[in-house]
Each structure stands twice: as structure tokens, then as C-alpha cells.
Amino acid sequence: ITVIAPLEGTPSEKAGLLSGDKVLQIDGESTATLSLDEAVKKIRGEKGSVVKLTIFREGEENTRDIDVTRDTIVVKSVRFEMKDNDIALIRVSRFGDDTEAAFAEAVKQVKSSNAKGLVIDLRNNPGGYLDAAVEMGSLLLPSQKVVVIEETGDGTRKEMKTRGGDKLSEMKTVILINQGSASASEILAGALRENRDNVTLVGKKSFGKGSVQELIPVSKDTAVKITVAKWLTPKGNQINKVGISPDVEVDLSADDITNKRDPQLDKALELLR
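Each residue is numbered by its place in its chain's sequence as written, counting from 1. Where local features are concerned, this predicted model is filtered to residues with pLDDT of at least 70; where side-chain atom pairs are given and counted, the filter is 80 or more; whole-chain, interface and lining totals use all residues. To obtain the side-chain values, all non-hydrogen atoms of the structure were used and water was disregarded.

Caption draft 1: Inspection of the pattern of salt bridges at higher detail. Note on definitions: salt bridges are taken to be side-chain nitrogens of Lys or Arg within 4 Å of carboxyl oxygens of Asp or Glu. A complete count under the given rule lists 21 salt bridges for this structure. Across the pair Asp255 and Arg261 runs a salt bridge whose closest N-O atoms are separated by 2.6 Å. Residue class for Asp255 comes out partly exposed when judged on its relative accessible area of 45%. Residue class for Arg261 comes out partly exposed when judged on its relative accessible area of 40%. When the shortest N-O distance is used, the salt bridge between Glu270 and Lys267 registers 3.3 Å. Of the two residues, Glu270 and Lys267 both sit in helix α7 (residues 263-272), three residues apart, roughly one turn of that helix. Given the relative accessible area of 44%, Glu270 is considered partly exposed. Residues joined by salt bridges that share partners form a network here, namely Glu81, Lys83, Arg91, Asp121, Arg123 and Asp262. Between buried and exposed lies partly exposed: a residue is buried under 20% and exposed over 50% of the maximum accessible area for its type, with that area taken using a 1.4 Å probe on protein chains only. Only DSSP runs of H or I reaching four residues or more are called helices, and only runs of E reaching two or more are called strands; each is numbered from the N terminus.

What follows is the structure, given as C-alpha cells:
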């Protein structure tokens, strides 16, 4: 049981869980024989109650216990702010139902602020709807540029292209990624880097989730999820189990997080000054 991405503002982030943490025990019970669904049921609970997770973190010799106070989880998928030196920052925490409209609004704010550079933060974004990634790419790339290629088992390839509406392709941009950036995050990051000369990826190598699943009903109460295709970047590079490597690698340690430092964002702002 592995943490892919502790979402911003949620109990897991507040408790100090990090992408890549292995959950070994839940309230003292080993997760070795638990399915993902069983583990999730044990982690969930009443608002205000506490669940103790025993985790192993890469680079450490011993496990550690982390108490997570349960709460109602409401995640705002897009946040916008202006940083120093007229640099705009858009944080995208997931690709959900509200993300397209919220991102379009953030792009409007970037334009009206007369920003000189843009940071798009996709760290700890586990992905979501593919269509949202294509629509967002359409605001950041010229029309009819390939965002992602879907390749089936027989080698057939289908290109998904931008649909017009480009607003910011001329603006120098830095994309922040890390090991918690997966799926649609990797698609958007790969599309921007491979279609534009003024995009730099900063952070750590992404998760590597580039498979396409289809849910097929079997009976009234059951279904099976089957992998039917894989995603490739516009230049045909594999995402699944490979991930996307940043142009500029910058680590973010547990000590940085504890002390509210962000060297990855600092590097992005430095590159745009």
C-alpha cells in the first residue's frame, strides 16, 4: 500500500505523509495481506477520529508512526497566485469535473495580470480525466498539436490533438513535477515539453502511469477492469512504468517540508526571472 500523492490541504498532507511512503500497518494491523479496498476501509472513519499509520520512507532505516486526523475532504483542483517579479503560479491538484473551467479562469487571470512568466505546479497530482488534460493543453498550445497518443495492443495509434483556444504558448513556462505526478499530469507535462521550446520541467521523475483501463460489466453486481491501451507522449515516448524525467532535477526533502522550504519552486522562479 503506497502513497501516490498527498493532496494539498487534506489530512494526509497535514499529518506529514509524503509521496512514496509505504503503509506497513494501520492502527497496528499489518497491511501485508490486505487488498487496496480493505486498506482504504480501515483508513477511513469518522471526522475528528485518528488513524495511526506505520510507514516506511525511502532513505530511512526505521519505520515511523504518523497519526492522521480524519476529516471531510474537499479539494479545490486549481489555485492561482502571483509571485514576485510578475511570475504567475497555477497549482493543479487533480484533473476532475471542475478542473477545465477552473484552469480556464486561472489562465484569464494570468493574461490580465500581465505576467512575464508562468509556473504550473503538477506535483502530487495523481491525474484524473484525460479530456481535462487535452482541454488544458488547448489553452497552452497552438491548435492541432498532439497532446497524447493512445496505442492499443495491436500497435494501432490514435492521436489526441489540441482543439484551439491557445492563450499562453508564447509565455516562458516551468512545469513542476515529482514522483506523485501521474497519469493526466504526465500527459500534460510531456505535451508541453515536446511541443514548445520555452517549457522547462523541474523537480523529480514522475510516477509513470500511462495505461488505459476499461471497465467491462460482467453481471449485475460485478465488473472487470482491463488494460486496453497505453499512453505515449507526442514524440512517441512511453509513459507507463517509465515516467517523465525533469530537465532540471531538484530534490524536496522531508526536512524541507517540515521547515516549509520549497527548493523546487525556488528553482522554477529563478529560471523565469
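Moving on from the coordinates now.
Caption draft 2: Looking closely at the environment of Val148. Within the fold, Val148 resides in strand β8 (residues 146-152). In this analysis, two residues are considered to be in contact whenever any of their non-hydrogen atoms come within 4.5 Å of each other. Once residues within four sequence positions are removed from consideration, Val148 is found in contact with Leu130, Lys158, Glu159, Met160, Ile187, Trp231 and Leu232.

Caption draft 3: Representation of the packing of helix α4 (residues 130-140) against helix α5 (residues 184-195) within the structure. Every axis in this analysis is a line fitted to C-alpha atoms, fitted for helices over the stretch in contact. Angles between the N-to-C directions lie between 0 and 180 degrees. One way to put it is that α4 packs onto α5 with a least axis distance of 9 Å and a crossing angle of 25°. Relative to α5, α4 is oriented roughly parallel. Crossing hand, α4 versus α5: right-handed. Only Ala184, Ile187, Leu188 and Leu192 of α5 make contact with α4, whose side of the interface consists of Leu130, Ala133, Met136, Gly137 and Leu140. When the residues that make up the contact of α4 with α5 are grouped by side-chain class, the tally is eight nonpolar, one polar and no charged. Reported orientations rely on four angle classes, namely roughly parallel under 35 degrees, roughly antiparallel over 145, roughly perpendicular from 65 to 115, and oblique for the rest. Each crossing gets its handedness from the near helix: less than a right angle anticlockwise from the far helix is left-handed, clockwise is right-handed. Classes in brief: Ala, Val, Leu, Ile, Met, Phe, Trp, Tyr, Cys and Pro nonpolar; Asp, Glu, Lys and Arg charged; the others, Gly included, polar.

Limitation: the analysis is restricted to geometry and does not speak to function.
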